[in-house]
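Listed below are the residues making up each chain.
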Number of protein chains: 2
Amino acid sequence: MARPPLARERVLDAYEAILIDDGERAATLDAVAKTAGVSKGGLLYHFASKDDLAAGLLQRLDDLVVADVAAMRTTAEGPVAYYVRTSVMEGNALDRALVAASRLAQGGNPAAAARLREVRERWADTLRPAVRDEAALQLVMLLSDGLYFNNAISGTISAEQPDDPFVPTGSALDALVALVERAVR
Amino acid sequence: MARPPLARERVLDAYEAILIDDGERAATLDAVAKTAGVSKGGLLYHFASKDDLAAGLLQRLDDLVVADVAAMRTTAEGPVAYYVRTSVMEGNALDRALVAASRLAQGGNPAAAARLREVRERWADTLRPAVRDEAALQLVMLLSDGLYFNNAISGTISAEQPDDPFVPTGSALDALVALVERAVR
DNA sequence: GTCTATATAGCGATAGAC
DNA sequence: GTCTATCGCTATATAGAC
């Protein structure tokens, strides 16, 4: 109970990977089981149904968001810079869970859509004390959503990231963060 | 040829509506045919396959974007204000085609993902002369993506829009537009 | 141009052996 | 705890009548 079965985590990893790389349609029980290296029966021992599998992913997202909000509150650069900067997907656990949940939501899963909105509100509550007003808060949050959305779309196209002009990195990201901080403070 | 068959347009409307309201998974040929008021055979006369149906939707999106870019170039309030303001979904033809295509892209359709990126670049080219630098351009574009993304997520949850704090309308939208224009000009 | 009927394949889920 | 085998359903697509 303290340490969940390894197979369970591997199944969740595989589900996430297929959602991100190939979309909601491709994330069948067969495909997830195969990628995780278990049989379909084995998968269904850990997750009783496909809905249960989705619930497992959303629970994982929730845990990661709790940790992220804690980090956001204590970071030296301040919550706004932290939030914008970490919205550029680096492929860490939170990024992956978030994009996978977004795929689920757009595929028509109401639980995923509801959870994403809850998560968003938790982030908003953390950012609010650091910005001037509600318009500034919206600017920061919507910009972050835009970054995630573009990363999610980019991911669908095979093997291409290097020269994408719409997901800024390096000095372009620094410039964007600086511009946002001037606008909202 | 000059005026496409009415049934074809009705099928496309139905496909769009189901994608928006219920997600990619729900947009089966059966469901689309039923909503459009034709049989599955009738649908497949106009669109030879499901891929062909998706291609029809993407073509419709393309036509609407051409018209939108033209409007953006000639509007009195300027392209930036026009772009941000019209990113709040009002349920017009362009909004609907865009959200439907986004559902398709996140569902794993590579053609939809590629088309969305092309569309984005056309908008970027139109906005570029009106903003200070590339960071400012990114801020405007990402914010618009965020607005669309949130509207897309909201749409998934049944019958709820009135008190959504994240899709600003009225004076809140005016404040956001003003803030963005100050930041990017 | 639109219909019904049907072929074929893939999906989620169950049963029961090991 | 993990497997194989299989059921029942739904999906896309085809064939051919009207």
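Being a predicted model, the structure only gives us computed values, none of them experimental.

## A closer look at the relation of the copies chain A and chain B
For the pair chain A and chain B, the superposition axis carries a translation of 0.0 Å, the fit reaches an RMSD of 0.1 Å, and the rotation angle comes to 180°. The two molecules are tied by a two-fold rotation axis, judged by turn and shift. Interface residue correspondence from chain A to chain B reaches 100%, placing this contact among same-surface, isologous pairings.

## So, the packing of helix α1 (residues 6-22) of chain B against helix α2 (residues 29-36) of chain B
Residue and element names in this part refer to chain B. Contact geometry for α1 and α2: axes closest at 8 Å, N-to-C directions at 120°. Here α2 runs oblique to α1, going by the angle between their axes. Relative to α2, the crossing made by α1 is right-handed. Within the contact between the two elements, α1 uses Arg-10, Val-11, Ala-14, Tyr-15 and Ile-18 and α2 uses Ala-31, Val-32, Thr-35 and Ala-36. Looking at side-chain class alone, the contact of α1 with α2 contains seven nonpolar, one polar and one charged residues.

## Section: the protein's contact with DNA strand C
As a matter of local geometry, DNA strand C sits amid 13 residues, with A:Leu29, A:Lys50, B:Ser39, B:Tyr45 and B:His46 nearest to it. A distance of 3.1 Å is found between a base nitrogen of DNA strand C and a side-chain nitrogen or oxygen belonging to A:Lys40. Separating a phosphate oxygen of DNA strand C from a side-chain N or O atom of A:Lys50 is a distance of 2.7 Å. Looking at the surface near DNA strand C, the elements that each hand over two or more residues are α3 (40-46) of chain A together with α3 (40-46) of chain B. Considering each element in turn, the surface near DNA strand C owes the most residues, four residues, to α3(B). Broken down by class, the residue content of the surface near DNA strand C amounts to four nonpolar, six polar and three charged.

## Let's talk about the protein's contact with DNA strand D
By nearness alone, 15 residues border DNA strand D, and A:Ser39, A:Tyr45, A:His46, B:Lys40 and B:Lys50 come closest of all. A share of 61% of the atoms of DNA strand D within 4 Å of the protein falls on sugar and phosphate groups. A:Tyr45 places a side-chain nitrogen or oxygen 2.4 Å from a phosphate oxygen of DNA strand D. Looking at the surface near DNA strand D, the elements with two or more residues in it are α3 of chain A together with α2 and α3 of chain B. Here the surface near DNA strand D takes four residues from α3(A), the largest share from any one element. By residue class, the composition of the surface near DNA strand D is five nonpolar, six polar and four charged.

## Notes on the domain arrangement of chain A
All names here are of chain A. Each assigned domain of chain A is listed with its residue range as follows: domain 1 (1-48) and domain 2 (57-184). Look at where the C-alpha atoms of domain 1 and domain 2 centre, and you get two points 25 Å apart. At the junction of the two partners, domain 1 supplies eleven residues and domain 2 supplies ten residues. Of the roughly 1100 Å² buried where domain 1 meets domain 2, counting both sides, 55% is carbon and sulfur surface. Among the residues domain 1 hides against domain 2, the three largest losses belong to Glu-16, Leu-19 and Ile-20. Together they make up 54% of the total. Taken together, domain 1 and domain 2 are joined by four salt bridges. Notably, a salt bridge pairs Glu-16 with Arg-96, separated by 3.7 Å at the nearest N-O pair. For the pair domain 1 and domain 2, the interface holds five residue pairs in polar contact (both at pLDDT 80 or more).

## Examining the interface of chain A and chain B
At the junction of the two partners, chain A supplies 48 residues and chain B supplies 48 residues. Buried surface at the junction of chain A and chain B, summed over both partners, amounts to about 4300 Å²; 61% is from carbon and sulfur atoms. Area buried by chain A at its contact with chain B is led by A:Gln106, A:Arg117 and A:Phe166, which between them contribute 19% of it. Remark: the boundary between chain A and chain B carries two salt bridges. The closest approach of N and O atoms between B:Glu24 and A:Arg25, which form a salt bridge, is 2.6 Å. At the boundary of chain A with chain B, the tally comes to ten residue pairs in polar contact (both at pLDDT 80 or more). Considering every element that reaches the side of chain A that touches chain B, the biggest residue donor is helix α8 (residues 134-156) of chain A, with 15 residues.

## Quick word on the packing of aromatic side chains
Each aromatic ring pair is specified by the distance between its two centres and by the angle formed by the two planes. Throughout the structure, instances matching the rule amount to three aromatic pairs over all chains. Between the aromatic rings of A:Phe149 and B:Phe149, the centroid separation amounts to 5.7 Å while the plane-to-plane angle is 50°, which identifies the pairing as tilted. Of this pair, A:Phe149 sits in helix α8 while B:Phe149 sits in helix α8 (residues 134-156), on two different chains. The class of A:Phe149 is buried, set by a relative accessible area of 12%.

About the thresholds
Residues numbered from 1 in each chain as written. Chains lettered and ligands numbered in written order. Predicted model: local features only at pLDDT ≥ 70, side-chain atom pairs only at ≥ 80, totals over all residues. Heavy atoms only, no water. Least-squares fit on C-alpha atoms with pLDDT ≥ 70 in both. Contact = heavy atoms within 4.5 Å. Axes fitted to C-alpha atoms, helices over the stretch in contact; angles between N-to-C directions. Helix = DSSP H or I, 4+ residues; strand = E, 2+ residues; numbered from the N terminus. Parallel < 35°, antiparallel > 145°, perpendicular 65-115°, else oblique. Left-handed = near helix turned anticlockwise from the far one by under 90°. Nonpolar A, V, L, I, M, F, W, Y, C, P; charged D, E, K, R; others polar. Near = heavy atom within 4 Å. Polar contact = N/O pair within 3.5 Å; in protein donor to acceptor, adjacent residues only side chain to side chain. Domains from an automatic or database assignment. Buried area = accessible area lost by both parts, 1.4 Å probe. Salt bridge = Lys/Arg side-chain N within 4 Å of Asp/Glu carboxyl O. Phe/Tyr/Trp six-rings, centres within 6.5 Å; stacked < 30°, edge-to-face > 60°. Buried < 20%, exposed > 50% of the residue type's maximum accessible area, 1.4 Å probe, protein only.

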